[in-house]
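Commentary on secondary and tertiary structure
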Amino acid sequence: MSNQKTQAQRLSSHLDAARHKDRRQILLAIRDTERWQPSISEFDGGRTPVGEPAIPADLYHRHLPKLAEMGLIEWDRETHRVTRGPEYEQVRPLLAFLSENYDE
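Cut-offs applied
Per chain, residue numbering runs from 1 following the sequence as it is written. Only residues with pLDDT of at least 70 get local features here, since the model is predicted, and only at 80 or more are side-chain atom pairs given and counted; chain-wide, interface and lining totals rely on the full set of residues. Hydrogens and water molecules were not included; the side-chain quantities draw on all heavy atoms of the structure. Exposure is judged per residue with a 1.4 Å probe applied to protein chains only, and the accessible area is read against the type maximum: over 50% gives exposed, under 20% gives buried, and values in between give partly exposed. To qualify as a helix, a DSSP run of H or I must reach at least 4 residues; to qualify as a strand, a run of E must reach at least 2; elements of each kind are numbered from the N terminus. By definition in these notes, contact holds between two residues if any of their heavy atoms fall within 4.5 Å. Aromatic rings from Phe, Tyr and Trp, taking only the six-membered ring of Trp, are treated as a pair when their centres fall within 6.5 Å; an angle between ring planes under 30 degrees marks them as stacked, one over 60 as edge-to-face, and anything in between as tilted. Only when the NZ of Lys or the CZ of Arg is both within 6 Å of the ring centre and within 35 degrees of the ring normal is a charge said to sit over the ring. In this analysis, axes come from line fits to C-alpha atoms, helices being fitted only over the stretch in contact, and the angle between any two N-to-C directions falls in the range 0 to 180 degrees. Convention used here: angles under 35 degrees read as roughly parallel, angles over 145 as roughly antiparallel, angles from 65 to 115 as roughly perpendicular, and any remaining angle as oblique. Lys, Arg, Asp and Glu make up the charged group, whereas Ala, Val, Leu, Ile, Met, Phe, Trp, Tyr, Cys and Pro make up the nonpolar group; the residues left over, Gly among them, are polar.

**Some remarks on helix α2 (residues 21-29)**
Along an α-helix, a turn takes 3.6 residues, which lines up residues three or four apart on a common side. Taken together, the buried positions of α2 are occupied by Asp22, Arg23, Arg24, Ile26 and Leu27. On its buried face, α2 sits against α1 (3-19), β1 (35-36), α3 (57-69), β2 (73-75), β3 (82-84) and α4 (88-101).

Laid out in structure tokens, this is it:
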């Protein structure tokens, strides 16, 4: 595979990661800290049904696993702690651009 095609696929993957506001919020939260732990108050707490983890269900079942699979974060499912993954530095320039040019 050509280097140009690899770069295009990586950019597409990073754009997909940053596309959803909750995923962007997670990625931005760990930009300047060693680790982060989501709380209901940071997201729409109304989405968490009784008996679910103490974080919104969408984060637990969709967004955190997706970012972890991409290598952008490391996520401990038991403590809900999030740290930067091995691929995080690759997405940092996109996050800088988004935070400087767009308001949530």
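**Side note on the packing of aromatic side chains**
Counted according to the given criterion, the structure contains one aromatic pair. Summarising the aromatic geometry, the rings of Tyr60 and Trp75 are spaced 5.4 Å apart at their centres and angled 85 degrees between planes, so their arrangement reads as edge-to-face. Here Trp75 lies in strand β2 and Tyr60 lies in helix α3, a separation of 15 residues in the sequence. Note on Tyr60: relative accessible area 17%, which makes it buried. The ring of Tyr60 carries Arg77 above its face, with NZ or CZ at 5.6 Å from the centroid.

**What to know about the packing of α2 against α4**
In the contact formed by α2 and α4, the axes pass within 10 Å of each other and the chain directions differ by 110 degrees. As summarised for this structure, α2 and α4 are arranged roughly perpendicular, according to the angle between their axes. Only Tyr88, Leu95, Leu98 and Ser99 of α4 make contact with α2, whose side of the interface consists of Arg24, Leu27 and Leu28. Of the residues contributing to the contact of α2 with α4, the split by class is five nonpolar, one polar and one charged.

Remember that the coordinates give geometry; whether it matters functionally is a separate question.
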